[in-house]
Amino acid sequence: MEFSSILFPGMDDKRPLVIAGPCSAETEEQVMTTARQLAAIGIKIFRAGIWKPRTKPGGFEGVGSPGLKWLQRVKKETGMYTTTEVATEKHVYEALKYGVDILWIGARTTANPFAVQEIANTLIGVDIPVLIKNPVNPDVELWVGAIERLYNAGITRLAAIHRGFSSADKNVYRNTPQWHIPIELKRRFPDLPIFCDPSHMGGKRSMIQSLSQQAMDLNYSGLIIESHCSPDEAWSDKDQQVTPEELDRILHSLVIRDTIQ
Ligand code: PEP
Ligand code: MN
């Protein structure tokens, strides 16, 4: 399989390529304030969940389509690319209609081949980058299968996101990294860029720096980090979001070595 070497036009391949933004788009003000602060520290790609796949019912499930207009405004006013999670055909149509630049497939969706195939079929003939998170369970074949489904639909601007894996055993991580699994993925697809999501891996702010450094030491291409203008008030994943100011400190602390491939 041959992946396109240029994921996002106009961007160089200096590591790490950083995607940042809140877990969820909550209000227009929260989205715009966070986006302006992130643009000011040099972030080029803004993330925000519009549709949120919650493990249990009763939680905040995202603002839905009205939030797409806020992402349009982010792009227009800050020049950042935008990305959001899609899990159904309808999400894909809506995201494309409002000009979202990059799509990502969430961990719960990657574990569901029917949903991945539905997304892939909807993207036939569309040229857009797609980031594929690992499935919630530590099964590299499901991750490989999702990448193949998108690739077979003609998507060549693909990247993987390693966000850690669910485990029944309690440990310090929200989702255990199990670094050998993405290493196996890289063995299968040497040219596929891999991003690390230290926010969902650690589940807490204090772990973002060290997990990001580990990803850099393993030669990952980029990071996707949850950042919110007021993390303690976030409507989802509040313990793991950092302010743009804190994100800037974390990024500056990273030591980027050119490791042997
Ligand atoms: C998210 O990125 O906010 C999210 C829901 O992530 P994951 O699919 O990794 O749980
Ligand atoms: Mn989240």
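All of these numbers come straight from a predicted model, not from anything done at the bench.

Description of the site of ligand 1
Piece 1. Contacts to ligand 1 come from C23, G49, G106, A107, R108, K133, R163 and H200.
Piece 2. Within the shell around ligand 1, the residues separate by chemical class into 2 nonpolar, 3 polar and 3 charged.

Describing the sheet that holds strand β6 (residues 158–162)
Piece 1. Sheet architecture is closed into a barrel: 8 strands sit in the order β1-β2-β3-β4-β5-β6-β7-β8, paired in parallel fashion. Across the sheet, the axes of successive neighbouring strands diverge by a mean angle of 25°, strand direction being ignored.
Piece 2. Of the strand pairs in this sheet, strand β5 (residues 130–133) and β6 are connected by 4 bridges, and their pairing is parallel. Residue pairing in the sheet places L131 in a bridge with A159 of β6.

Section: the confidence of the model for the protein chain
Piece 1. Averaged over every residue, the pLDDT of the protein chain is 96; residues scoring 70 or more account for 99%.
Piece 2. With a pTM of 0.97, the predicted complex shows an ipTM of 0.99.

Points about the pairing of β6
Piece 1. Within β6, 5 of the 5 residues are buried, leaving the element largely enclosed by the surrounding structure.
Piece 2. Side chains of β6 alternate between two faces, with L158, A160 and H162 and A159 and I161 buried alike.
Piece 3. Handedness of the β5-helix α6 (residues 140–152)-β6 crossover: right-handed.
Piece 4. Pairing between β6 and strand β7 (residues 194–196): 3 bridges, direction parallel. Within β7, the position partnered with I161 by the bridge is F195.

Examining helix α2 (residues 66–78)
The periodicity of an α-helix, 3.6 residues per turn, causes residues three or four places apart in sequence to face the same way.
Piece 1. The end-to-end C-alpha distance of α2, which contains 13 residues, comes to 19 Å, matching closely the 18 Å that a straight helix rising 1.5 Å per residue would cover.
Piece 2. Looking at α2, one finds that the buried residues are G67, L68, W70, L71 and V74. For α2, the angular spread of buried residues about the axis comes to 155°, placing them on one side. With respect to the buried face of α2, the exposed residues turned more than 90 degrees away are P66, K69, K76 and E77.
Piece 3. Among the structural elements, α1 (28–40), β2 (45–47), β3 (81–85) and α3 (89–97) are those in contact with the buried residues of α2.
Piece 4. Within two residues after α2, G79 carries a phi angle of roughly 80°, on the positive side.

What counts as what
Residues numbered from 1 in each chain as written. Chains lettered and ligands numbered in written order. Predicted model: local features only at pLDDT ≥ 70, side-chain atom pairs only at ≥ 80, totals over all residues. Near = placed C-beta within 6 Å. Nonpolar A, V, L, I, M, F, W, Y, C, P; charged D, E, K, R; others polar. Pairing = 2+ DSSP bridges. Helix = DSSP H or I, 4+ residues; strand = E, 2+ residues; numbered from the N terminus. Axes fitted to C-alpha atoms, helices over the stretch in contact; angles between N-to-C directions. pLDDT = per-residue confidence, 0-100. Buried ≥ 20, exposed ≤ 12 C-beta atoms within 10 Å, placed from the backbone. Right-handed = clockwise from strand over helix to strand, strands pointing away. Expected span 1.5 Å × (residues − 1). Arc of directions from axis to C-beta. Contact = placed C-beta atoms within 7 Å.

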